[in-house]
Amino acid sequence: MVETEKRISTAQLFTVIFILGMGLKILMLPVLMLKVLGRDSVLGLAAMGVVELLCLGAMLAAIMLSPEKSFYDLVSELAGKIAAKIIFTVFAAFFFFKLVLLAGEVRVFFSENLLQNFSSTVYSIPLCGLCVVIGMGTLRAIGRASQFLFPFIAAATLCLFVLIGMGVDFSEMFPFGEYGIKSIASDSFKHAMWFGDYSSLVVVLGAVKRTKRTVAAGVVAGVLASLAVMFYLLGLTASFSNVCYLIRFGQNVTGMSHYALGDVMQGRLDVMLFCLWTVSVLVEAGFYAFATVSCLNNVLPVKKEILSLAVGVALFVLLLLWQSTSDLQAFAVKYFAVPAFIFQIAVPVFALIITAAARRRKKKNLDASSALQNAAASKSEAAFCDAKEKGAECEAE
Amino acid sequence: MKRSKKILIYKLSCFLFAIVLLMLPQRSLPQSDIQVLATVLGIDGTNGDVMVSAQLAVPVAQTGDGKASTVAKATGGSISEALENLEIGMGRRVNFGHLSTVAAGKGMLLSDIKEFVSYLMSSGKVGPGAYLVYCAQSTASDFIEQAQKMGESSDAEVGNFIAFNKSGNHVTTATALKFLQTLHSTSGAACLPCVQLEDENSDSEQGDTSVGEGRGGGSDSQEQGEENGSQTSEKRKSEQEGKEAEKSGGENAQNEEQSGDEKESGGSSAKNSQDENGDSGSGKASNGKKSSGGNGGGEKKKLVAADSIAVYGGDKEEPTVLNTLATRGVVWQDTHSNYGLVELRNVLIDGQTVPSVSARLAGKSVKKSVKVINGENVLTYKIKVKLKLDDSHLCVNPDFFGILKDKLEKEFESVIRNNLAFAVQTSKETGIDFLGIRDRFHKFCRKGAHNFDLTAVVVHIEPKVIIQT
Amino acid sequence: MERVKAITESFELPSTLVAREFGVGKKKAAMLFHPDMTDELILRSVLRACSLANKCSGYGELLHEILAVSEAEIADDSDATQKILSGDAIIFLDGASGCIVVNAKKWDKRAVTEPPTETVVRGPREGFVEDFKTNITLIEKRLRTKKLAVEKLKIGREGNTAVAVLYVGGIAKKELVKEVISRVKALDIDAISDSHYLVPCLEERPNSIFPQVGTAEKPDVVASKLLEGRVVVLVDGSPIALTVPFLLIEDFHSGEDYYERTSFATFLRVLRIIAISLAIFLPGLYVADLTYHYEVVPLKLLITVLNALKGIPLPPMWEILFILLLFEIIREASIRMPKSLGTAMSIVGALVLGDTAVKAGIISSPGVMIIALSSIALYTAPALVGTSSLLRVLFTLIGGLGGLYGLTLGVTILIFYLSSLNSLGAPCLAPFAPLITNDLKDGIVRKQLLTLGTRPEAVGSPNKRRLRWSKRKNG
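Sequence order as written defines the numbering, with residues in each chain counted from 1. Ligands are numbered from 1 and chains lettered from A, in the order in which they are written. Residues qualify for local features only when their pLDDT is at least 70, as the model is predicted, and side-chain atom pairs are given and counted only at 80 or more; totals for whole chains, interfaces and linings, by contrast, use all residues.

With respect to the overall build of chain C
Step number 1: By the criteria applied, helices consist of DSSP H or I runs no shorter than four residues and strands consist of E runs no shorter than two, each listed in order from the N terminus. Along the backbone of chain C there are 14 helices and twelve strands.
Step number 2: For 475 residues, the compact-globule estimate of 2.2 N^0.38 gives 23 Å, and the C-alpha radius of gyration of chain C, at 29 Å, exceeds that figure by more than 25%.
Step number 3: Along the first, second and third principal axes, the C-alpha atoms of chain C reach 100 × 65 × 45 Å.
Step number 4: Sorting the 475 residues of chain C into buried and exposed places 42% on the buried side.
Step number 5: Residues are defined as contacting one another if the C-beta atoms placed from their backbone atoms lie within 7 Å. Expressed as a percentage of contacts within chain C between residues at least 6 apart in sequence, the contacts between residues at least 24 apart total 64%. Between the two quantities, the radius of gyration covers C-alpha atoms and the globule rule is 2.2 Å times the number of residues to the power 0.38. Here exposure depends only on C-beta density: within 10 Å of a residue's C-beta, 20 or more other C-beta atoms make it buried, 12 or fewer make it exposed, and intermediate numbers make it partly exposed, the C-beta atoms being placed from the backbone.

In structure tokens:
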């Protein structure tokens, strides 16, 4: 049973979903997809976005159906402890790889844009520190932090979009369909690792204070996040569609706003806005660290703090090995596309099945217990009647 | 886990975080002493022998943002080498964070400029929003030197000049990204606004108040400016014999040549960009004089924004400089240029010839539609322009709302139509699709794009001018 | 008398106490008191009354018919020592068990004045003093309700300091009151000299740099906090009342906010938040921009600053840290030093250290300006001065070492840390995280007083409704 005060509210779930849906995708995905698919990246992203929103719908349904138990408890009740441990090990591994990818992209974003003379190894350490701190925290703290930061993130996003919207010639995003549907589908599919962020919501199952608005809030958050990503990709496509060769990882995320800003004499205000916006990516990284630690915590009988430290250290080591984020991205595209796509769809479906089964089981138990209670009540009633009758008889006698 | 242990772990994490922060490469802390800020970068030459010149703001120990800039030059086998040599020569690291303008020297080839700008952008030295200009009559190095001498504070003069033109004048501007983006489009052509150095001696001999010294504003100065403009253009004509177009000024003569019996002449006041600055305009001019004087007197020049553009594309490696009329045509269809002064000259109003009617653009919307009609590619420009008359005394005329307003609107519409038609004609003649017609068909009319022939495109121009009072 | 002797001898120095033997009617009596803590006039009047009495049958008669003092009571022998140490006089009757405690306390106390940290232009100027009773009276004067509970405790093995836990019954959450009392009672210490000794007991994370217990020096503020459902702890000898639970946003509130027009109060709150943000982040941002991110600063401003920095031997981070160090030294010295030297010291601090150092080229004028602005801004929220001072040093370091990257990470960790911080069950970031829309009326925005109809939900008062008002219909 998840303690009542440890749960997150619907508003906090909204912000978490928005951040999950937007952070990683805006950071690098538009650049990657634009390089591969040119203008048709918009179509690819839209298609993948729809799939992802369907997955979000399934996750939200699971959240609504889930009894107030953690997902691990539900899985172990229905599938056995060993199966649950295996499943959660897979979850942890997947979330951890997402964390690695995200951390790599954050590192390259800052190193390209702001601190070009820094060593990327040194960069990684504070980021790993952040993951350790958030990883050992609570879901409630993450929910509150994202809720507190949401207005700032939203304002920064909005400002950036206004800036981009005013400075970019959107007619440049045409024409679509140069690559063909097959190519769009296959190339979008290759980037499946950048999608499926809502799968990580399994760690919030049973820990959400549900209201009538929970589903609506979740869907709105997901749609808003998808629209934000889409708008960003449209802007990037309109700006760089003919000169994709110029796009460098990291730098051109800000390049578009830089272009829109025009006069650099007045300072790069957009960089400050991007820094504010990047907080959402950091929160997302923290959420993945938390999700990894939570999953591992169910598998290994080790303290959460130690697990969190271990995850931080492992993250650092991997980032040390993968000095080049491009290699990391290539690895994700080459080897993780299929598993990531399957994971993206399988997890929400699995969560939905498990929670529905658990609910049914609970209902059955309730029915059984109520039947038992009824039986007991009727028995006692009969006994009472008997006694009454006996009493009446006695009285009659 | 006990609370004390938790606290211990937390403390440990904080301590580690602090250590990490302390480990960050402190030795490479950049200091103001070892950095200079580049604001304008000029590139001359071709690959194999590149010369870069940069206007640099150098911090000096004094208060305020007083004069602290210099021009540095370096050469190298490639642009990267030249930039490296620039830093070596300066003995300082050049910070390109505030680089606002890149100037390409006269005659720069298409392949070179493409490579240079691509390199500068992909290396992060030049942001996508940096302005690109073409030095029509001089090397970029001369241009930057002149720019340096122009302003007192001199750190941002050229950048401000272009930025102001973009926001306040009816001229076209190009950024690094826009240039490359349009160059790589199916049209394969891109425009660069020209800037040039104007001989000051000749102007002053003729009593020219000149563009940089406050021309424009009042009607007198307009007239004066017109005169000067034509004089200057004539002079230049003689200087560059056989060249296609006149540069600054010369609207009247040019228009008369092109439009036959039409009396009006219109155009953007690109040259007047500095006048619009008011005080600063005159300030710059005086500085320009000062610096020219300091030059030694032999070659007195000053910076002007020519109302012409250079276009790259077609089969040519060298840029083609458009004449004033074609330039204006390009500007009319440019959706990003929505402000500035436009004027009519020698208009017959109420039986009298008014030498100049100037109006300010209050808004402009350009719609370009492409379709195939009867097997012909048809491009339609619908340009809606809102103007506010600068000469308010015309509005006082009782006939203004009856006849005069309509007439003026018609006159302005005719100017737009002529200018744009001339630009289209130039495009067809030169074979350079600088108006992006092919790209338009490629984007919105696939059918027309398949067998596209620039010379066969039928262009309809439907201007609509509304004079706001 | 045996009892008098026993008590006197139980003291380390028996001469500390004075024992007077006298007769009440036919009975022998003795009065025991601490001469330094008692009022001689009261004692005289007691003695006179006793000596005039013709008969005395016991403590009841002595108390009700003979003694003419308003505050006296019959107590057990075991309480006698404690009462003497509290400044009471004890009267023993020979042969009768128990004693009479006469309140004869007399010690000098400070007048009720306006506290220096919570001065107001409009509004009450009364502030707490060191006298426990006066402080309670000041609160009781404002809350004349029988629901006001003053739970008195004694804390400290040697000090036996009086501690009062105040709450309004039915408004404060019972669990909260219980928790506070149990936490205070759990403190086993020899003595406490100020209310701040209790702060760590009431905090969930005593090592945190953020306060989780509020402090107030004014009875009107304390009364309003009590009415919001908070619990107040007063300690004898301390003019500072502790209030729990405490939310971070309270640091940006001032008692005066409620005496000003709504719009102005809101403006002041926004101003305080901006000021504290500037105080904490401005030095870090300045250092980060001048060390790594020139492009963020407008060119003209950058050149002006770089011109001023030219020739300064220290990189921006060390320069700012050096100026911060100077400022903290001057601040600390000016608090500690005799007031007569204060003016001279401020001249030395401002002119000699500041101006001369700039002229000498050791530090730059923009650096001094940044720290001056930050330091002034720091005092817009006096309760956060310590926290903000530490944070700005931390963020200066982070900005200097990690630039905007470090600052972004730092801010994220800081917010996450604050999100996990609670004050006796109330989330520190409330009403923003978790979002409590009802409490936003008195968050950054201070809505009109008549619309503040409910108590803050973050505090968890069982009695939510606070105000009802309907416009009287005219005619």
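Quick notes on the sheet that holds strand S4 (residues 89-93) of chain C
All names here are of chain C.
Step number 1: Following DSSP output, two strands are said to pair if at least two bridges run between them. Reading across from one edge, S1-S2-S4-S5-S3 is the order of the five strands in this open sheet, with antiparallel pairing throughout. The outermost strands of the open sheet, each flanked by one partner alone, are strand S1 (18-24) and strand S3 (72-75). Averaged over all pairs of adjacent strands, the angle between strand axes in this sheet comes to 25 degrees, irrespective of strand direction.
Step number 2: Sheet analysis places S3 next to strand S5 (residues 99-102), joined by four bridges and oriented antiparallel. For Ala 75, the partnering residue across the bridge sits in S5 and is Cys 99.
Step number 3: Axes here mean lines fitted to C-alpha atoms, for a helix over just the part in contact, with angles spanning 0 to 180 degrees between N-to-C directions. On the sheet, helix H2 (residues 40-52) packs against S1, strand S2 (27-33), S4 and S5 and is oriented at approximately 25 degrees with respect to S1.

Topic: the interface of chain C and chain A
Step number 1: Between chain C and chain A, the residue contacts involve 27 residues of the former and 32 residues of the latter.
Step number 2: Residue contributions to the side of chain C that touches chain A peak at 13 residues, all from helix H14 (residues 385-419) of chain C.
Step number 3: Only Asp, Glu, Lys and Arg are considered charged in this grouping, and only Ala, Val, Leu, Ile, Met, Phe, Trp, Tyr, Cys and Pro are considered nonpolar; every other residue, Gly among them, is considered polar. Counted by class, the side of chain C that touches chain A contains 18 nonpolar, eight polar and one charged residues.

Quick word on the sheet that holds strand S10 (residues 241-244) of chain C
Residue and element names in this part refer to chain C.
Step number 1: One open sheet holds the five strands; their spatial order is S6-S7-S9-S10-S8, and the pairing between them is antiparallel. Single-partner strands in this sheet number two, and they are strand S6 (148-155) and strand S8 (214-216). If you compare each strand with its neighbour and ignore which way they point, the axes differ by 25 degrees on average.
Step number 2: Across three bridges, the pairing between S8 and S10 is antiparallel. Considered in S10, the bridge of Gly 214 is made with Thr 243.
Step number 3: Lying on the sheet, helix H8 (residues 219-227) is in contact with strand S7 (161-168), S8, strand S9 (231-235) and S10; it crosses S7 at an angle near 55 degrees.

What about the nonpolar core?
The tendency in soluble globular proteins is for nonpolar side chains to be buried side by side.
Step number 1: Note on terminology: a nonpolar core is any set of buried Ala, Val, Leu, Ile, Met, Phe, Trp, Tyr and Cys residues joined through C-beta atoms within 7 Å. Residues A:Leu99, A:Cys131, A:Ala285 and C:Val233 are the most contacted members of the largest nonpolar core, which totals 338 residues.
Step number 2: Just so you know, the domain bounds were taken from an automatic or database domain assignment. Two domains share this core, each providing at least three of its residues, namely domain 2 (116-246) and domain 3 (259-420) of chain C.
Step number 3: Beyond its immediate sequence surroundings of up to four residues, A:Leu99 is in contact with A:Cys131, A:Ala285, A:Tyr288, A:Ala289, A:Thr292 and A:Leu315.
Step number 4: C:Val4, C:Ala29, C:Leu32 and C:Leu43 belong to the second-largest nonpolar core, a separate cluster that totals 27 residues.

So, the domain arrangement of chain C
Step number 1: Splitting chain C by domain gives domain 1 (2-102), domain 2 (116-246) and domain 3 (259-420).
Step number 2: Here the C-alpha centroids of domain 1 of chain C and domain 2 of chain C sit 33 Å apart.

What to know about H8(C)
Residue and element names in this part refer to chain C.
Step number 1: With respect to burial, H8 is a largely interior element, seven of its nine residues being buried.
Step number 2: Contacts made by the buried residues of H8 are with helix H5 (132-142), S7, S8, S9 and S10.
Step number 3: Two residues or fewer after H8 comes Gly 229, characterised by a positive phi angle close to 105 degrees.

Digging into the confidence of the model for chain A
Step number 1: Counting all residues, the mean pLDDT for chain A is 87, and 91% of those residues have values of 70 or more.
Step number 2: Each residue carries a pLDDT score, the predictor's confidence in it, ranging from 0 to 100. Contacts of residues 392-397 of chain A to residues separated by more than four positions or lying in other chains number zero contacts, the stretch itself having pLDDT below 50.

Quick look at the confidence of the model for chain C
Residue and element names in this part refer to chain C.
Step number 1: Averaged over every residue, the pLDDT of chain C is 89; the share at 70 or more is 99%.
Step number 2: When pLDDT is averaged over each element of chain C, S9 comes out on top at 96 and helix H12 (residues 339-360) at the bottom at 77.
Step number 3: Interface confidence for the predicted complex, given as ipTM, is 0.89, next to a pTM of 0.84.

Some points on the packing of helix H7 (residues 139-167) of chain A against H14(C)
Step number 1: H14(C) packs onto H7(A) with a crossing angle of 125 degrees between their chain directions and a minimal axis gap of 8 Å. In terms of orientation, H7(A) lies oblique with respect to H14(C). As for the relative orientation of H7(A) and H14(C), their crossing is right-handed in sense. Contacts between H7(A) and H14(C) involve A:Ala141, A:Arg144, A:Ala145, A:Phe148 and A:Leu149 on the former and, on the latter, C:Ile415, C:Phe416 and C:Ser419.
Step number 2: In terms of residue class, the contact of H7(A) with H14(C) is built from six nonpolar, one polar and one charged. Oblique is the label for every angle not falling under 35 degrees (roughly parallel), over 145 degrees (roughly antiparallel), or within 65 to 115 degrees (roughly perpendicular). Each crossing gets its handedness from the near helix: less than a right angle anticlockwise from the far helix is left-handed, clockwise is right-handed.

Examining helix H2 (residues 79-90) of chain B
All names here are of chain B.
Step number 1: Any helix carries an expected span of 1.5 Å times its number of residues minus one. With twelve residues, H2 ought to run about 16 Å at 1.5 Å a step, and its terminal C-alpha atoms sit 16 Å apart, in line with that.
Step number 2: When H2 is considered as a whole, its buried residues turn out to be Ile 79, Ala 82, Leu 83 and Leu 86. Burial along H2 is one-sided: seen end-on, the buried residues are contained in an arc of 100 degrees.
Step number 3: Looking at the packing, one finds that the buried side of H2 touches strand S1 (35-46), strand S2 (49-57), strand S3 (69-76), strand S4 (93-95) and helix H3 (110-122).
Step number 4: Positioned one or two residues after H2, Gly 91 has a phi angle of 75 degrees, which is positive. By definition, the arc is the one covered by directions from the helix axis to the C-beta atoms.

Digging into the packing of helix H11 (residues 269-299) of chain A against helix H12 (residues 304-321) of chain A
Residue and element names in this part refer to chain A.
Step number 1: With their axes 9 Å apart at the nearest point, H11 and H12 run at an angle of 125 degrees to one another. Taken as axis vectors, H11 and H12 run oblique relative to one another. For the pair H11 and H12, the crossing hand works out as right-handed. Of the residues in H12, those touching H11 at Ala 289, Thr 292, Val 293, Leu 296 and Asn 297 are Lys 304, Leu 307, Ser 308 and Val 311.
Step number 2: Class assignment for the residues of the contact of H11 with H12 results in five nonpolar, three polar and one charged.

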